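Descriptive analysis of the structure
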Amino acid sequence: MSDAIPYAVDIRPDTGLNNGKMGIWLFLASEVMLFGGLFSSYVLLRTGASHWPLGVDEGLNIWLGLVNTIVLITSSVTMVMAWASLKMQDFDKFKKFLGATLLLSCVFLVVKAFEYGGKFAHGSVPSKNTFLAIYFVLTGVHGLHIIGGMVVNGYFWGPGSKMWKTDPERFTGRIEIAGLYWHFVDLVWIFLFPVLYLL
Amino acid sequence: MSADAHDIKREVRKYYAVFAALLVLSCVTVAVNRLHLSPSRAIGLALVIATVKASLVACVFMHLLSEKRFIYSVLAMTFVFFFALMLLPLGTGSDPLHGTEVSQYASAHAGGDGHAEAAQETEVGH
């Protein structure tokens, strides 16, 4: 293991963390700034507009938004349970929980696709007004993050899970890191739902 | 996070409790919206509920309650810049250009006495 990347599992003495965990938190900090910039744009556009429509006025369905909120929160629980299962040395449970996370992410995207489809069918496209423009940008960027998370989680559920047999501690660390990203994506949606659908 | 199986089982109970709290708070968010409060109250309340939910996710699911100092310092710095970004739109009110070019353009296209209105707006803007 001497040729391997150092501090993949071992704790760095200066930070008290392994490199993967330090890396994901720095990445998440940059993600806060990305979504911060978008939320700031939303505030600027909203405060500068003489009239700002409610989400329902533009055809947004609160109940679909609530369903997606519940779906994403549930996926966060299954994600953290996947990590906890590995900590308890239960690989079969891990597969079930991570599989459930993947399934729930698919449900989220399908619901979002229905929402987008309905809007496009009624001519509610980003160029129609400022509200729809920022709605599509915010939910679109968030949706891309969901897809990114699904690719990573899909890898760890499938071919990447072989590492459990060779280096279980490192694999558990990887799932924790993937989980941190996934919880962040959930956290962003927690703010997007009221801001876009309710207020 | 170093925890043995026993600690993890205790953590799992916490995860399910937070899950239940998040579901309830999500429904509360929608229920509050049905009360038809004034816009400022509705926005304030919805953001408070969202912040509580986000804190639960960050503290429990992301284990922020028991993290290392390095992570706290990274997040502290991030949130300073994040709040600066959030306050940025407020700065537009004190923008010296506010109420000049845009108003002139708007007045000219409205077909009224654009120059008089623009001059007035410019004074207000400054």
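Above this note sits the structure.
Okay, so let's go over this structure. Starting from 1, residues in each chain are numbered consecutively following that chain's sequence as written. Throughout, the order in which chains and ligands are written sets their labels, letters from A for the former and numbers from 1 for the latter. In keeping with the model being predicted, local features are shown solely for residues with a pLDDT of at least 70 and side-chain atom pairs are shown and tallied solely at 80 or more, while totals for entire chains, interfaces and linings include all residues. The side-chain figures draw on all heavy atoms in the structure; neither hydrogens nor water molecules are used.

**Concerning the overall build of chain A**
Under the scheme used here, helices are H or I runs from DSSP no shorter than 4 residues and strands are E runs no shorter than 2 residues, and both carry numbers assigned from the N terminus. Broken down by element type, chain A carries 6 helices and 0 strands. Going from N to C terminus, chain A has its helices and strands arranged as α-α-α-α-α-α. Working definition: with a 1.4 Å probe on protein chains only, accessible area under 20% of the residue-type maximum means buried, over 50% means exposed, and in between means partly exposed. Per-residue burial for chain A yields a buried fraction of 52% across its 199 residues. Residue pairs at least 24 apart in sequence account for 75% of intrachain contacts in chain A once pairs closer than 6 positions are excluded. Surface exposure of chain A reaches about 8600 Å², of which carbon and sulfur atoms provide 68%. Any two residues having at least one pair of non-hydrogen atoms within 4.5 Å are treated as being in contact. Here, Shrake-Rupley sampling with a 1.4 Å probe gives the accessible areas, and only protein chains in the shown set may cover a residue.

**Digging into the overall build of chain B**
Per the secondary structure count, chain B includes 5 helices and 0 strands. Taken across its 126 residues, chain B has 32% of its residues classed as buried. Taking the contacts inside chain B whose residues are at least 6 apart along the sequence as the reference set, 52% of them involve residues at least 24 apart. With the model as given, the accessible surface of chain B reaches about 8100 Å², and the carbon-plus-sulfur share is 67%.

**Let's talk about the packing of helix α2 (residues 62-87) of chain A against helix α3 (residues 91-121) of chain A**
Residue and element names in this part refer to chain A. Lines fitted to the C-alpha atoms define the axes, with helices restricted to the stretch that makes contact. Angles between their N-to-C directions range from 0 to 180 degrees. Where α2 contacts α3, the axes come no closer than 8 Å and their chain directions differ by 160°. The angle between α2 and α3 places the two elements in the roughly antiparallel class. By crossing handedness, the relation of α2 to α3 is classed as left-handed. Each residue gets one of three labels, nonpolar for Ala, Val, Leu, Ile, Met, Phe, Trp, Tyr, Cys and Pro, charged for Asp, Glu, Lys and Arg, and polar for the others, Gly among them. By residue class, the composition of the contact of α2 with α3 is 16 nonpolar, 6 polar and 3 charged. For classification, angles of less than 35 degrees are called roughly parallel, those exceeding 145 degrees roughly antiparallel, those between 65 and 115 degrees roughly perpendicular, and all remaining angles oblique. By definition, turning the near helix anticlockwise from the far helix through less than a right angle yields a left-handed crossing, and turning it clockwise yields a right-handed one.

**A few points about the side chain of A:D186**
Secondary-structure assignment places A:D186 in helix α6 (residues 168-198). In summary, the charge assignment counts Lys and Arg as positive and Asp and Glu as negative, without counting His or the chain termini. Counted as salt bridges are all cases of a side-chain nitrogen of Lys or Arg within 4 Å of a carboxyl oxygen of Asp or Glu. Buried and unpaired, A:D186 has B:K53 as its nearest opposite-charge partner, separated by 7.4 Å. Aside from chain neighbours lying at most four places away, what touches A:D186 is A:L72, A:I73, A:S76 and B:V57.

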